[in-house]
Amino acid sequence: MMKQAVIVLAVLGIAFSAPQPRKQFSEHVSEFLNIIEEEAGDEIYNLMQQYLEFEEFRTALAYTRSTNFRDLIYEMEDLPEFNAVLDFLEKDNIDIHTFIDLLNEILEDIEKMKRNTRQSVSGTTMTDFIYDSIAVFPTAKLSALFDEKMANDEAFSTALINLRSEEFSQLANALFENEIFRQEIQSLRENGVEIEVLMDEVLAIFGQTLP
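Let me begin by describing the structure that accompanies this report. (Residues numbered from 1 in each chain as written. Predicted model: local features only at pLDDT ≥ 70, side-chain atom pairs only at ≥ 80, totals over all residues. Heavy atoms only, no water.)

### Regarding the pattern of salt bridges
Test applied: Definition used for salt bridges: Asp or Glu carboxyl oxygen within 4 Å of a side-chain nitrogen of Lys or Arg. Strands are runs of DSSP state E lasting at least 2 residues, helices are runs of H or I lasting at least 4, and numbering of each runs from the N terminus. Think of it in three bands: residues with accessible area under 20% of the maximum for their type are buried, residues over 50% are exposed, and the middle band is partly exposed, with areas taken using a 1.4 Å probe on protein chains only.
Going through the model one piece at a time under the given rule, you end up with four salt bridges. Two residues, K141 and E39, come together in a salt bridge whose shortest N-O distance is 2.7 Å. A residue pair is termed long-range when its members are at least 10 positions apart, and K141 in helix 8 (residues 139-152) and E39 in helix 2 (residues 25-51) qualify at 102 residues. Where R189 meets E194, a salt bridge forms, and the shortest distance between an N and an O atom there is 3.3 Å. On the basis of relative accessible area, R189 is assigned to the partly exposed category, the value being 31%. Sharing partners across several salt bridges, the network here consists of R189, E194 and E196.

### Describing the environment of R189
Basically, it comes down to this: Residue contacts are defined here by distance: any two heavy atoms, one from each residue, within 4.5 Å place the two residues in contact.
Turning to its location among the elements, R189 is positioned in helix 11 (residues 179-190). Residues R189 and A60 lie 129 residues apart in sequence; the distance between their C-alpha atoms is 9.6 Å. If we skip the residues at most four places from it in the chain, R189 touches E194 and E196.

What follows is the structure, given as structure tokens:
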């Protein structure tokens, strides 16, 4: 879980840095997102509308749009261990803008929604919303596409293999041993943003789960 959480934080961090060139990995991600949109888009949209009724969800949502959230991400970028993770991801051609673009689009869509659809939900928080969304993902189709790409696309498989490498594991461990970083993770958690949960969603986009 530690390594996966670091990827999410790296995604958030680079989003507020200087613009970076788009890379090939984003094209792969778009294929997975298109499947989710086609198969489960309406259900996820309805879930968003329902969760807007809950104060816990709205509070966490507001935090992700706040200057406090952005300032915390900027602080992470001052950590040498955090920048080492960013460098690793960029070196391996992972377009980390893709995930932050998706997050921003979702947040903007939520703010525009009218609360006129009823749907059964499991809770009231951002975490509950994410897991309810994952539950309607077309996992079989996503997993099949993932397996096909791992078998037949060298660029895709290399990027994923490198994220499972000992080198990346060491970078992640070093970052999580940093006390300032631990405090920042706790601050996110106190404001309703669970990094581990976000990573579960990223994995689910590819039809995968943690072992």
